[in-house]
Amino acid sequence: MPAEPIFRLPTRHLLGIEGLAPPHVDAILDLSETYVETSRRAEKKASGLRGRTVINLFFENSTRTRTSFELAGKRLGGDVINMSVEASSVKKGETLIDTALTLTAMNPDVLIVRHPDSGAVKLLSEKVRASVINAGDGQHEHPTQALLDALTIRRRKGRLSGLVVAICGDILHSRVARSNILLLQVMGAVVRVVAPTTLLPAGIERWGVEVFHDMRRGLDGADIVMMLRLQRERMDGGYVPSPREFFHFYGLDRDKLARAKPDALIMHPGPMNRGVEIDSIVADDLDRSVIQEQVEMGVAVRMAVLDLLTRNLQGNEPPGGVPAGSGR
Ligand code: CP
């Protein structure tokens, strides 16, 4: 029997969910399942990244994404370097592109980049030889977060298609919301957004989502309740009257959750602000909350993404040798 062809992602980089079709998402999630098993063993090592070098380049703070990419790279047998931007020559005025070119000269295979500006990671991907993974760029995208959320949902519910997912809170500033909306829609879920008008992007009605300003109505019959943090670091004015008032209208508590399906899952990408967008009683409800499971799935999904992207690397071709970006 002929050997099954090795699955490859359509591009060298993962810059966003935009550009991924259902077979790509399914393949990433299927491979992630294997790495969930690997990560639960006492011996957690695989070999897909042996000999490869991965650099974590984070221009914004992170606990989950940076640590899980580091663990993912190490569990696959790669060499992983965490570059501390605070202790780097960025602080002496070196630009993003010069920093990236400097790192590229050391021949890494993968650059994992988080940056406060939307589009910065794509710009960088056009200048370097390595595969680039977007670990969150401004308000644009956070593709591995959406993939790990999808894996968490699929494992619990057995599917994505047909589920009603309510994404609640600060949609305006959230790259997590944007990536999740793209992924969930492409996989056939019904997506609702629930927020005050001040926390919704202009033109949201054109995103193909159902828009709610009332939390109870937005949660009515939902299968998944995904809460988002108020991103104060991206706010330059008064988007909400006060955290207390925001919690009263939009914070997830038992009373509002009662409107969702009895088996609805509670999700949050973290970091959480307890008492602002979510009450501890529901965040810590082990029957309903899958917040810690999301973190676990993050390592497995990032292992799968690193594995799949590095299958596309032969040697390190010069810039322009392989199409950059995430075209379909
Ligand atoms: N969800 C997420 O991106 O968390 P971190 O900011 O801790 O990486």
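No experiment lies behind these values; they were computed from the predicted model shown.

Criteria and cut-off values
Residues numbered from 1 in each chain as written. Predicted model: local features only at pLDDT ≥ 70, side-chain atom pairs only at ≥ 80, totals over all residues. Heavy atoms only, no water. Helix = DSSP H or I, 4+ residues; strand = E, 2+ residues; numbered from the N terminus. Rg over C-alpha atoms; globule rule 2.2 N^0.38 Å. Buried < 20%, exposed > 50% of the residue type's maximum accessible area, 1.4 Å probe, protein only. Contact = heavy atoms within 4.5 Å. Areas by Shrake-Rupley, 256 points an atom, 1.4 Å probe, with all protein chains shown as cover. Lys, Arg positive; Asp, Glu negative; His and termini not counted. Charge placed at Lys NZ, Arg CZ, Asp CG, Glu CD. Expected span 1.5 Å × (residues − 1). Pairing = 2+ DSSP bridges. Axes fitted to C-alpha atoms, helices over the stretch in contact; angles between N-to-C directions. Near = heavy atom within 4 Å. Polar contact = N/O pair within 3.5 Å; in protein donor to acceptor, adjacent residues only side chain to side chain. Nonpolar A, V, L, I, M, F, W, Y, C, P; charged D, E, K, R; others polar. Salt bridge = Lys/Arg side-chain N within 4 Å of Asp/Glu carboxyl O. pLDDT = per-residue confidence, 0-100. Phe/Tyr/Trp six-rings, centres within 6.5 Å; stacked < 30°, edge-to-face > 60°. Lys NZ or Arg CZ within 6 Å of the ring centre and 35° of its normal. Right-handed = clockwise from strand over helix to strand, strands pointing away.

K.L.:
Before we move on, could you go through the overall build of the chain and cite the residues and values that matter?
P.N.:
Scanning the chain from N- to C-terminus turns up 11 helices and 9 strands. Against the compact-globule benchmark of 20 Å for 328 residues, the chain has a radius of gyration of 20 Å, which places it among compact chains. Along the first, second and third principal axes, the C-alpha atoms of the chain reach 55 × 55 × 40 Å. Here the chain holds 328 residues, and the buried ones make up 55% of them. Here the analysis covers contacts within the chain between residues at least 6 apart in sequence; of these, 76% occur between residues at least 24 apart. By element, 50% of the accessible surface of the chain is carried by carbon and sulfur atoms, the whole surface being about 14200 Å². Taken together, the 42 basic and 40 acidic charged side chains of the chain have centroids lying 2 Å from each other.

K.L.:
With reference to specific residues and values, describe helix H11 (residues 291-311).
P.N.:
Compared with the 30 Å implied by 1.5 Å per residue over 21 residues, the 31 Å span of H11 between its first and last C-alpha is a close match. With 17 of 21 residues buried, H11 is to be regarded as a mostly interior element.

K.L.:
Lay out the sheet that holds strand E6 (residues 190-194) with the relevant residues and their values.
P.N.:
Here 5 strands make up an open sheet; going across it, the order is E7-E6-E5-E8-E9 and the pairing parallel. Only two strands of the sheet have a single neighbouring strand rather than two, namely strand E7 (210-212) and strand E9 (265-267). Going across the sheet, the axis of each strand differs from the next one's by a mean of 20°, ignoring polarity. Pairing between strand E8 (residues 224-227) and E9: 3 bridges, direction parallel. The residue bridging Ile224 from the neighbouring strand is Leu265, located in E9.

K.L.:
Before we move on, can you summarise the site of the ligand with the specific residues and values?
P.N.:
If you check the shell around the ligand, you find Ser62, Thr63, Arg64, Thr65, Arg114, His142, Gln145, Pro269 and Gly270 and nothing else. Between the ligand and Thr65, the relevant distance is 2.6 Å, taken from an oxygen atom to a side-chain nitrogen or oxygen of the residue. Take Arg114: an N or O atom from its side chain is 3.0 Å from an oxygen atom of the ligand. Protein burial of the ligand: of its 260 Å² of free accessible surface, 91% is covered by the chains. Counted by class, the shell around the ligand contains 1 nonpolar, 6 polar and 2 charged residues.

K.L.:
Help me get a handle on the pattern of salt bridges, residues and values and all.
P.N.:
Within the structure shown, the criterion is met by 19 salt bridges. In this structure, the salt-bridge partner of Glu33 is Arg155, at a minimum N-O distance of 2.4 Å. Taken together, the residues Glu33 in helix H1 (residues 22-40) and Arg155 in helix H5 (residues 143-157) connect sequence positions 122 residues apart. Judged by its relative accessible area of 29%, Arg155 is partly exposed. The salt bridge partner of Lys157 is Asp263, with a shortest N-O separation of 3.4 Å. You can see Lys157 sitting in helix H5 and its partner Asp263 sitting in the loop between helix H9 (254-257) and E9, a full 106 residues away along the chain. Within the structure, one salt-bridge network assembled from shared partners comprises Asp26, Asp30, Glu33, Arg154 and Arg155.

K.L.:
Before we move on, could you go through unusual backbone geometry and cite the residues and values that matter?
P.N.:
Among all residues except glycine, the phi angle is most often negative; among peptide bonds, the trans geometry is most common. Of note, the bond from Gly270 into Pro271 is cis; its omega dihedral lies within 30 degrees of zero at -5°. As for its placement among the helices and strands, Pro271 is situated in the loop between E9 and helix H10 (280-283).

K.L.:
Requested: an account of the confidence of the model for the chain, with residues and values cited.
P.N.:
Summary statistics for the chain give a mean pLDDT of 92 and a share of 93% for residues scoring 70 or more. For residues 316-328, every residue scores under 50 in pLDDT, and the model assigns this stretch 27 contacts once sequence neighbours within four places are set aside.

K.L.:
Pulling in residues and values, what's your account of the environment of Val276?
P.N.:
On the secondary structure map, Val276 appears in the loop between E9 and H10. Once residues lying within four places of it in the same chain are set aside, the contact partners of Val276 are Leu230, Pro243, Phe246, Phe247 and Gly251.

K.L.:
Hey, could you go over the packing of aromatic side chains for me, with residue numbers and the actual values?
P.N.:
Considering all chains together, one arrives at 1 aromatic pair under this definition. For the cation-ring pair, Arg178 lies above Trp207, with the distance from its terminal atom to the ring centre recorded as 5.7 Å. When the ring centre of Phe247 is taken as origin, the NZ or CZ atom of Lys256, which lies over that ring, is 5.5 Å away.

K.L.:
With reference to specific residues and values, describe the pairing of strand E4 (residues 131-137).
P.N.:
Of all 7 residues making up E4, 7 are buried, and the element is well covered by its neighbours. Here 5 bridges tie strand E3 (residues 110-115) to E4, and the two strands are oriented parallel to one another. Pairing of Ile112 across the sheet is with Ile133, part of E4. As for the winding sense of the linkage, the β-α-β connection from E3 through helix H4 (residues 120-125) to E4 is right-handed.

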